[in-house]
Amino acid sequence: MNKTLLRLTRGLWFWILAIAGVSFLTLVGTTALAEIIAGFLGSLFEPQEVLSSAGSAIRAALLVALFTFCAQMVKGLLEYKTAAKARTSMRRMIFSKVLDLDAGGIEKIGPVSAITASVDAVEQMQMYFSTYLPSLICSILAPIYLFFHLKNISMPVALLLLVVSLILLPVNNLFRCRIEEIRKGYWKSLDDMTGYYMDSLRGLTTLKLFDRDKEHSRVLGEKADVLNYNINCFMKVNFTSFLVTEAMIYAAVLFALVNSAGRIADGSMTIAQALIVLMLSYSYFSAAKELMNASHSALTAIAAAGKVEEILDTDTSRPYDPSLPKDPEQFAGIRMDHVSYGYEGRSRALQDMSLTVPKGKTVALVGLSGCGKSTTASLLMRFCDPLSGNIYIEGNDYCSMKPEELRKHIAMVPQQVNLFSGTIRENLMLADPDADDALLLEALEEAGLGSFIHSQSKGLDSDVGNAGSSLSGGQRQKMGIARALLSRAEYMIFDEATSSVDPQSEKEIWTTIGHLAETRTLIIISHRMSSVQNADCIYVLKDGMVAQHGTHETLMNEGGLYKELVVRQQAMEVAE
Ligand SMILES: Nc1ncnc2c1ncn2[C@@H]1O[C@H](COP(=O)(O)OP(=O)(O)OP(=O)(O)O)[C@@H](O)[C@H]1O
């Protein structure tokens, strides 16, 4: 059984057994009712007994029917509760795992998978616990119970029905295996289509801009066709499995009918007994049929659980060993020592990189696109860990600190600051849940949003709109700076923090960064060479390695890549 399902089943055994128990009671009730009705109908053929037995038969039948009805109600309630419990535990497991993931991990599993797993997969899996497992228990107990009821009336019929009802399950299993394969294709095509659909929706403006929306709509149609094909295959195999199993059931019931008719004719069976045989013979299969219906949901659940398992199995543990040796150089700041890093299946993004960020100074990283600047930032934020080499912060190895502990010392303002629907206050308090208004206003002031916040009638309680849509690009970036300031981190990384803002906002943000440089340690990644000229040290990266480093003046005198970049940019600015 799938590991995830097994883990969840352990916590739900009580509920699963309770549903199976109540289902069994329903079967006991149905059997009793069948016997009462058969007994009464049988007595119609013996008129002298009709009147005396009618009253008590009706009373007993009503009682049993009421009991069965109540048991069905309780079963429904238990199923609902079990499904709800399963849903809650599964979502809790998935959410806590997803929240544990760092940027690299989320990229690895894919945001679409995380969404389909926590929405669709959970819906599919709940049936496994509320319906499939209880039906599985009942499908074994029910035929055995009925066998003992019928064996004294007709041993061959009781035995045949028992055997057929028990072999129905393996036959059904054969179809299930084929369906499972189709299911995998179904999930893949569903993911594929959903991912493409979400991408197209997100980039609809761009697609329209380049007149590519029709092309995307065509590809989306093709992906929908693949999904439909998988659904059709599933329906075909499902239908065949239904035909085969129904044929087995009807053949067995027909045998019971013919056998009973023959025995009535030769006088070895009463009409009441024959009626019991007929009524109960179908009950033999009701649990198995319920199981077969549920087994299709179980298949979906197993496939879905596979998806969930991929997420739950993602390794979120990070190397952590407080006893790691200290920095042999005891550098006062951050030091990357011969660090290499590579993304899965790709050549090395960083190769034997060494750099230092002295405390209180400003260090810049520049270089052509793809040279490894953002990867360096990710390593410095501990979104990922070096494959070899070490990073030290104020003498301590990065891996001797937990990521959350480390991030008290180092904050980052990314290219695109993420804001959440809600107020300015709520968005800022992500960085410091205990911050009071004075602290929040001070951070906003320092980030260059002072006049903006004072112009808002609701002040800190102003709404930022969906994902910060009520703010301009520049204001969103400044909110990111305010958030980083509130984290009180000594070290701050600005990764192309002005790449998506207008020139006026860019100027304001660089002024803010200039002020921050007076009191903090900054690591600035920027493609705009003019903005890093004042840095205490500039590292020029090329193909994941440090090609040059020094101040603007030394690098200009030295010539090489840095000078090339500066000259090229100046030429572009003149051309503009
Ligand atoms: N998530 C990823 N998966 C695989 N490869 C990646 C990933 N991110 C970056 N890379 C690769 O690693 C190398 C370094 O990328 P990185 O983003 O660090 O460069 P960069 O200098 O920041 O580029 P840019 O200036 O364009 O942002 C590139 O070859 C890039 O293709």
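Residues numbered from 1 in each chain as written. Predicted model: local features only at pLDDT ≥ 70, side-chain atom pairs only at ≥ 80, totals over all residues. Heavy atoms only, no water.

The protein chain carries the name ATP-binding cassette domain-containing protein in an unreviewed UniProt entry, which gives Ventrimonas faecis as its organism.

All right, on to the overall build of the protein chain then. Of regular secondary structure, the protein chain possesses 17 helices and 10 strands. At 35 Å, the protein chain has a C-alpha radius of gyration far larger than the 25 Å of a compact globule built from 576 residues. By principal-axis analysis of the C-alpha atoms, the protein chain measures approximately 120 × 55 × 45 Å. Among the 576 residues that make up the protein chain, the fraction classed as buried is 48%. In the protein chain, 76% of the contacts between residues at least 6 apart in sequence involve partners at least 24 apart. Accessible surface computed for the protein chain: about 28800 Å², of which carbon and sulfur atoms make up 60%. The protein chain carries 52 positive and 61 negative side-chain charges, and their two centres are separated by 5 Å. (Helix = DSSP H or I, 4+ residues; strand = E, 2+ residues; numbered from the N terminus. Rg over C-alpha atoms; globule rule 2.2 N^0.38 Å. Buried < 20%, exposed > 50% of the residue type's maximum accessible area, 1.4 Å probe, protein only. Contact = heavy atoms within 4.5 Å. Areas by Shrake-Rupley, 256 points an atom, 1.4 Å probe, with all protein chains shown as cover. Lys, Arg positive; Asp, Glu negative; His and termini not counted. Charge placed at Lys NZ, Arg CZ, Asp CG, Glu CD.)

Below, the discussion takes up the nonpolar core. Soluble, globular proteins show a tendency: their nonpolar side chains are buried together. Counting 64 residues, the largest nonpolar core has Met125, Tyr128, Phe129, Leu150, Tyr284 and Phe285 as the members making the most contacts within it. Contributing elements (two or more residues each) for this core: α1 (3-43), α2 (47-100), α4 (111-150), α5 (155-202), α7 (213-265) and α8 (271-312). Here this core gets 17 residues from one element, more than from any other, and that element is α8. In this structure, Leu150 is in contact with Ala158, Leu161, Ile276, Val277, Leu280 and Tyr284, ignoring residues within four places of it in sequence. In this structure, Leu444, Ile453, Leu485 and Ala497 belong to the second largest nonpolar core, which totals 46 residues. (Core = buried A, V, L, I, M, F, W, Y, C linked by side-chain atoms within 4.5 Å.)

This chain's UniProt record puts "transmembrane region" (unreviewed entry) on residues 12-45, 57-78, 127-147, 153-175, 237-258 and 264-285. In residues 127-147, the share of helix is 100% and the share of strand is 0%. The end C-alpha atoms are 29 Å apart. With 91% helix and 0% strand, residues 153-175 has its two end C-alpha atoms placed 35 Å apart. (UniProt positions renumbered as here; feature names shortened; annotations may be inferred.)

The next subject is the side chain of Thr68. Here Thr68 lies in helix α2. Aside from chain neighbours lying at most four places away, what touches Thr68 is Thr26, Gly29 and Thr30.

Another aspect to go through is the environment of His409. Tracing the backbone shows His409 in the loop between α10 (403-406) and β6 (410-413). Accessibility expressed as a relative area gives 32% for His409, which makes it partly exposed. Each C-alpha atom of the pair His409 and Arg488 lies 7.5 Å from the other, and the pair is 79 residues apart in sequence. Filtering out sequence-adjacent residues up to four positions away, His409 remains in contact with Ile393, Met401, Ala489, Glu490 and Tyr491.

Now for the sheet that holds strand β4 (residues 388-393). Spatial ordering of the open sheet is given by β2-β1-β4-β5, a layout of 4 strands whose pairing is antiparallel. On the outer flanks of this sheet lie β2 (348-358) and β5 (396-397), each paired with one strand and no other. One ladder, built from 7 bridges, connects strand β1 (residues 333-342) with β2; its direction is antiparallel. Pairing of Arg335 across the sheet is with Thr356, part of β2. (Pairing = 2+ DSSP bridges.)

We now examine the domain arrangement of the protein chain. By domain assignment, the protein chain separates into domain 1 (3-312) and domain 2 (333-575). For domain 1 and domain 2, the distance between their C-alpha centroids amounts to 55 Å. (Domains from an automatic or database assignment.)

To continue, consider helix α9 (residues 373-380). The element α9 is extensively covered by neighbouring structure, given that 7 of its 8 residues are classed as buried. Within the span of α9, buried status applies to Lys373, Thr375, Thr376, Ala377, Ser378, Leu379 and Leu380. Just downstream of α9 lies Arg382, where phi reads positive at about 60 degrees.

On to the pattern of salt bridges, then. Pairing between side chains of opposite charge can happen when the charged atoms of each approach one another. Taken as a whole and assessed by the stated rule, the structure comprises 22 salt bridges. Across the pair Arg218 and Glu222 runs a salt bridge whose closest N-O atoms are separated by 2.4 Å. Residue Arg218 and its partner Glu222 are located together in helix α7, separated by 4 residues, close to a single helical turn. Judged by relative accessible area, which is 42%, Arg218 ranks as partly exposed. Since its relative accessible area comes to 41%, Glu222 is described here as partly exposed. One salt bridge connects Arg335 with Glu329, and the closest N-O pair in it is separated by 3.5 Å. Owing to a relative accessible area of 55%, Glu329 belongs among the exposed residues under this scheme. One network of salt bridges, in which partners are shared, links Asp327, Glu329, Arg335 and Asp337. (Salt bridge = Lys/Arg side-chain N within 4 Å of Asp/Glu carboxyl O.)

Glancing now at the packing of helix α14 (residues 473-486) against helix α15 (residues 503-516). Running from N to C, α14 and α15 cross one another at 15 degrees; their axes reach a closest spacing of 10 Å. In terms of orientation, α14 and α15 fall into the roughly parallel class. Handedness of the crossing formed by α14 with α15: right-handed. In this structure, α14 contributes Gly474, Gln477, Lys478, Ile481 and Leu485 to the contact, and α15 contributes Ser505, Glu508, Ile509, Thr512 and Leu516. (Axes fitted to C-alpha atoms, helices over the stretch in contact; angles between N-to-C directions. Parallel < 35°, antiparallel > 145°, perpendicular 65-115°, else oblique. Left-handed = near helix turned anticlockwise from the far one by under 90°.)

The next point concerns the packing of aromatic side chains. Taken as a whole and assessed by the stated rule, the structure comprises 8 aromatic pairs. Ring geometry for Tyr128 and Phe129: centres 5.4 Å apart, planes at 80 degrees, overall edge-to-face. Residue class for Phe129 comes out buried when judged on its relative accessible area of 0%. Relative to Phe148, the ring of Phe147 has its centre 5.4 Å away and its plane inclined at 75 degrees; by these criteria the two rings are edge-to-face. Judged by relative accessible area, Phe147 falls into the buried class, the value being 10%. Chaining the aromatic ring pairs together yields one cluster made of Tyr128, Phe129 and Tyr132. Over the ring of Tyr196 we find Lys223, and its NZ or CZ is 5.2 Å from the ring centre. (Phe/Tyr/Trp six-rings, centres within 6.5 Å; stacked < 30°, edge-to-face > 60°. Lys NZ or Arg CZ within 6 Å of the ring centre and 35° of its normal.)

The grouping of Leu44, Phe45, Ile264 and Ile271 at the surface amounts to a nonpolar patch, some 340 Å² of accessible area in total. As for its placement among the helices and strands, Ile271 is situated in helix α8. (Patch = residues over 30% accessible without salt bridge, like charges linked within 9 Å, V, L, I, M, F, W, Y side chains within 5 Å.)

Here the focus is the side chain of Arg483. By secondary structure assignment, the location of Arg483 is in helix α14. We note that Arg483 is buried and unpaired, the nearest opposite charge coming from Glu426 at a distance of 10 Å. Apart from residues lying up to four places away in sequence, Arg483 is in contact with Val417, Asn418, Leu419, Asn427, Leu428, Leu430 and Ala431.

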